[in-house]
Structure formats: structure tokens, C-alpha cells
Amino acid sequence: MTRWYDRAKRNLPWRRTRDPYAIWISEVMLQQTRVAAVIPYYERLLRRFPNPAALAQAPERELLAMWSGLGYYSRARNLQKGARLIVERGGFPQDYTSLLELAGVGAYTAAAIASISFGLPHAVVDGNVRRVLTRLVNDGRADAPEIADRLLDRSNPARWNQAVMELGATICLPREPRCDDCPIAAHCAARLAGTEKDLPLKKAKAATEHHQCTLLVIRRNGRMLLTPSPLVIGFWDLPEPFPGARTGPPIGEFTHTITHRHYRFTVREATALGVPKATRWHTEKQLAEIPLSTTARKALRIYNAL
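What you see is a predicted model, and the numbers here were worked out from it, not measured in a lab.

Engineer: Honestly, the pairing of strand β2 (residues 223-228) in this entry has me stumped. Any pointers?
Structural biologist: Consecutive side chains along a regular strand alternate between the two faces of the sheet. By the bridge criterion, 2 bridges tie strand β1 (residues 209-220) to β2 in an arrangement that is antiparallel. What sits directly across from Arg219, in β2, is Met224. A loop of 2 residues connects β1 with β2, the two strands running antiparallel in sequence, and Asn221 in this loop sits at a positive phi of about 55 degrees. Bridge count between β2 and strand β6 (residues 280-282): 3 bridges; the pairing is antiparallel. Bridging across to β6, Leu226 finds its partner in Arg280. Two strands pair when backbone bridges link them, and β2 and strand β3 (residues 236-237) are joined in this way by 2 bridges, in the antiparallel orientation. Within the sheet, the bridge partner assigned to Pro228 lies in β3 and is Trp236.

Printed below as a string of C-alpha cells:
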């Protein structure tokens, strides 16, 4: 499998370094986020904050603005908390236990940094690895961490861990595994039993929720009215209808999904004499500098296209 990895691995920017800071940033960004979406954010953030000290000193508003669109914003706040701890302690933690002390770092992220940056023998188990291992042994209830630790190549844990993760990300896919291209297909018990598509066992999904919402574009003297985001602390959004707002006809619609919640937003221009206390007027320059919610960005794209 590692020979397959050497030949077939994707050329990703975080694979060109063993800097633990850069590996940490990449692993946190990749949580719940596709590789293609992460790459430009990763490169921009490292250019702006090339080391823990720079990240620790960054204004939170600037950090959140750079993170805007990537989602799961607690990750950005935890990175900054972790950077401040690193600066406080005088250097990046270099063992698994110390890595776990960084805000937001769990067993998977600590194992990834420890093995890739420091060559320490800690097996990673994320969703991709768990899928590979449960299929390998044809057991949906298998102890994936125990199997991963038993199979780990302790002479080169970085290469082994990344090979298993790459296999799960590109070959051992959830719905349509590419078994004919798999370097370990001959050893895969699920493949031999024909159960590869049944594993890992599916978790019960939360019931889908549907929501209808309206966002208002309210301008006055070259400024736009925004309100603190009800979903993400520290971000700004367009206001929903409020007493005193006079709404015009719809100018567009868009959808937005957060896990099992599906939203359909209607965007309307509006005017208002009085505005809620929490709202603030922002200039065009400020709009480019503050952290705007994803829904605000989608709504303003509709408005700006008129």
C-alpha cells in the first residue's frame, strides 16, 4: 500500500512540509471540509500568519474574515487559542500528550501531527481510515483504533498513515468503492464477501428540517445595515424582517444547508426609519474587511448582480 501511495498520492501543499505548525493548520481545516475547498484557505492563512506568534497576535475579526466561507468557525478560534498556548510555552509541542493540550485537538489530529512532523508511532483513525479498516476485516463493529495501531508501520508512521488516509479518500469510497484499483483488494475480507458497500455500518440520520427565511438589503447614504449573525458568534449577517422595515418585492432566492437543516432564503430590498439596537451600518470598505456570514455573502451576490 505504501508503494501505491508513493506512486498515486495527490500533490497537496501540506505534503511538501513537515513543519508541525503547517500540518496542524491543514489537519484542522480538513475537518468536515473537502480538500479542494481547503487549499486556497490554507495557502492564504499561512502567508498571512506564517508561524504561531503571528496567529496568536492576529485580531480575531481579521482571522474570522479570512476563514469566512470555510465553516465551523470554532476551529479558527481554537487555532488561535492553541497558537497563544504555543507562544506562552515557548515552542510547538513535540509529543502526542502535549499536542492534546492544544484547543480543539483530539486523538486523530494529535496522531497526525505526531506521526507526520515528528515520526512518532501513533496511528491515525479518521472517517476514511475507519472505512478502510472495517472493510478490510469485514466487521462494522471492529475496533478501528486497535487495528490501525496493530498494522502501523513503526519504521515510517508518517508514510503509512498518509497512505491509509489517501486510500480511503480516493479509492475506498463510501458509496462506490473502486475495488478494481485498490492495492489491498486481495486482502480485503469485505471485497471477498461482497459486502464492501454495506460497510461501515450506517448511523441513523437526524430528521431533515426545512426552513423558510427572508434577508433584507437595507442601504442608506452608501452604507449597509448588518446584524450580528444568529448562527456564528463574531460574524455579521443581513437582517431579517423587523418592525419598522418596509420590504419590497423579492430580488432572488438561494438555498443553504447546515447538516440536516435546509434553508431557503428570499432576498428583498427594504427601507427602514428605525433599526434594532444590535444592528450596525457598514461602509463598502468595511464590508470587505469584516467577517460576513456565508448567507450574507450569498445574498449580496444576488443583490450585486442586479
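Engineer: Quick question: what am I supposed to make of the packing of helix α9 (residues 127-137) against helix α10 (residues 144-151) here?
Structural biologist: For any two helices packed against each other, the geometry is given by the interaxial angle and the distance between the axes. Between α9 and α10, the least distance of the axes is 10 Å, while the angle of their chain directions is 85 degrees. Here α10 runs roughly perpendicular to α9, going by the angle between their axes. The residues of α10 that touch α9, namely those facing Arg130, Leu133, Leu136 and Val137, are Ala144, Pro145, Ile147, Ala148 and Leu151. Looking at the contact of α9 with α10 residue by residue, the class counts come to 8 nonpolar, no polar and 1 charged.

Engineer: Would you mind going over the packing of helix α8 (residues 107-118) against helix α11 (residues 157-170) with me for this structure?
Structural biologist: The geometry of α8 relative to α11 is characterised by a closest axis approach of 7 Å and an angle of 130 degrees between their N-to-C directions. The orientation of α8 with respect to α11, classified from their angle, is oblique. Note on packing geometry: the crossing formed by α8 with α11 is left-handed. Two secondary-structure elements touch here, α8 through Tyr108, Ser115 and Ile116 and α11 through Pro157, Ala158, Asn161, Gln162 and Met165. Class assignment of the residues belonging to the contact of α8 with α11 gives a composition of 5 nonpolar, 3 polar and no charged.

Engineer: I keep staring at helix α6 (residues 74-89) and nothing clicks. Help me out?
Structural biologist: For an α-helix the count is 3.6 residues per turn, leaving residues at separations of three or four pointing the same way. Over its 16 residues, α6 runs 22 Å from end to end, which matches the ideal 22 Å to within 8%, given 1.5 Å per residue. Listed as buried for α6 are Arg75, Ala76, Leu79, Gln80, Gly82, Ala83, Leu85 and Ile86. Where α6 is buried, its residues contact α2 (20-29), α4 (52-57) and α5 (60-67). With its phi angle positive at about 85 degrees, Gly90 sits one or two positions after the end of α6.

Engineer: Which parts of the structure should I look at to understand the side chain of Thr279?
Structural biologist: With respect to the helices, strands and loops of the structure, Thr279 is situated in the loop between β5 (261-272) and β6. When its relative accessible area of 7% is taken as the criterion, Thr279 is described as buried. For Thr279, the contacting residues outside a window of four places in its chain are Leu225, Leu226 and Thr227.

Engineer: Looking at this model, I keep getting lost on the nonpolar core. Mind explaining?
Structural biologist: Soluble globular proteins tend to bury their nonpolar side chains together. Grouped together as the largest cluster of nonpolar side chains are 65 residues, with contacts concentrated most on Tyr21, Trp24, Ile25, Met29 and Trp67. Not counting chain neighbours up to four residues away, the residues in contact with Trp67 comprise Val28, Met29, Tyr41, Leu45, Tyr72, Tyr73, Arg75, Ala76 and Leu79. Met224, Leu238, Phe254 and Phe265 belong to the second-largest nonpolar core, a separate cluster that totals 19 residues.

Engineer: Even after reading the chapter, I still don't get α10, so can you show me in this structure?
Structural biologist: Looking at α10, one finds that the buried residues are Ala144, Ile147 and Ala148. Along the long axis of α10, the arc covered by the buried residues comes to 100 degrees, so they all point the same way. Against the buried residues of α10 lie α9.

Engineer: Before we go on, may I ask you to explain the environment of Cys213 in this structure?
Structural biologist: Following the sequence through the fold, Cys213 ends up in strand β1. The buried category is assigned to Cys213, whose relative accessible area is 16%. Between the C-alpha atoms of Cys213 and Glu253, which are 40 residues apart in sequence, the distance is 9.9 Å. Residues within four places of Cys213 in sequence aside, it is in contact with Tyr263, Arg264, Phe265 and Thr266.

Engineer: Would you take a moment to explain the pattern of salt bridges for this structure?
Structural biologist: Two side chains carrying opposite charge are able to pair once their charged atoms lie near each other. Within the structure shown, the criterion is met by 15 salt bridges. A salt bridge links Glu176 to Lys197, with the nearest nitrogen and oxygen atoms 3.3 Å apart. Here Glu176, found in the loop between α11 and α12 (189-193), pairs with Lys197, found in the loop between α12 and β1; they are 21 residues apart in sequence, far enough to count as distant. Owing to a relative accessible area of 52%, Glu176 belongs among the exposed residues under this scheme. The exposure class of Lys197 is partly exposed, given its relative accessible area of 46%. Taking the shortest distance from any N to any O, the salt bridge between Arg191 and Glu196 comes out at 3.6 Å. Judged by its relative accessible area of 33%, Arg191 falls in the partly exposed class. Overall, the relative accessible area of 10% leaves Glu196 in the buried class. Linked through salt bridges whose partners overlap, the residues forming this network are Arg10, Arg15 and Glu166.

Thresholds applied
Residues numbered from 1 in each chain as written. Predicted model: local features only at pLDDT ≥ 70, side-chain atom pairs only at ≥ 80, totals over all residues. Heavy atoms only, no water. Pairing = 2+ DSSP bridges. Helix = DSSP H or I, 4+ residues; strand = E, 2+ residues; numbered from the N terminus. Axes fitted to C-alpha atoms, helices over the stretch in contact; angles between N-to-C directions. Parallel < 35°, antiparallel > 145°, perpendicular 65-115°, else oblique. Contact = heavy atoms within 4.5 Å. Nonpolar A, V, L, I, M, F, W, Y, C, P; charged D, E, K, R; others polar. Left-handed = near helix turned anticlockwise from the far one by under 90°. Expected span 1.5 Å × (residues − 1). Buried < 20%, exposed > 50% of the residue type's maximum accessible area, 1.4 Å probe, protein only. Core = buried A, V, L, I, M, F, W, Y, C linked by side-chain atoms within 4.5 Å. Arc of directions from axis to C-beta. Salt bridge = Lys/Arg side-chain N within 4 Å of Asp/Glu carboxyl O.

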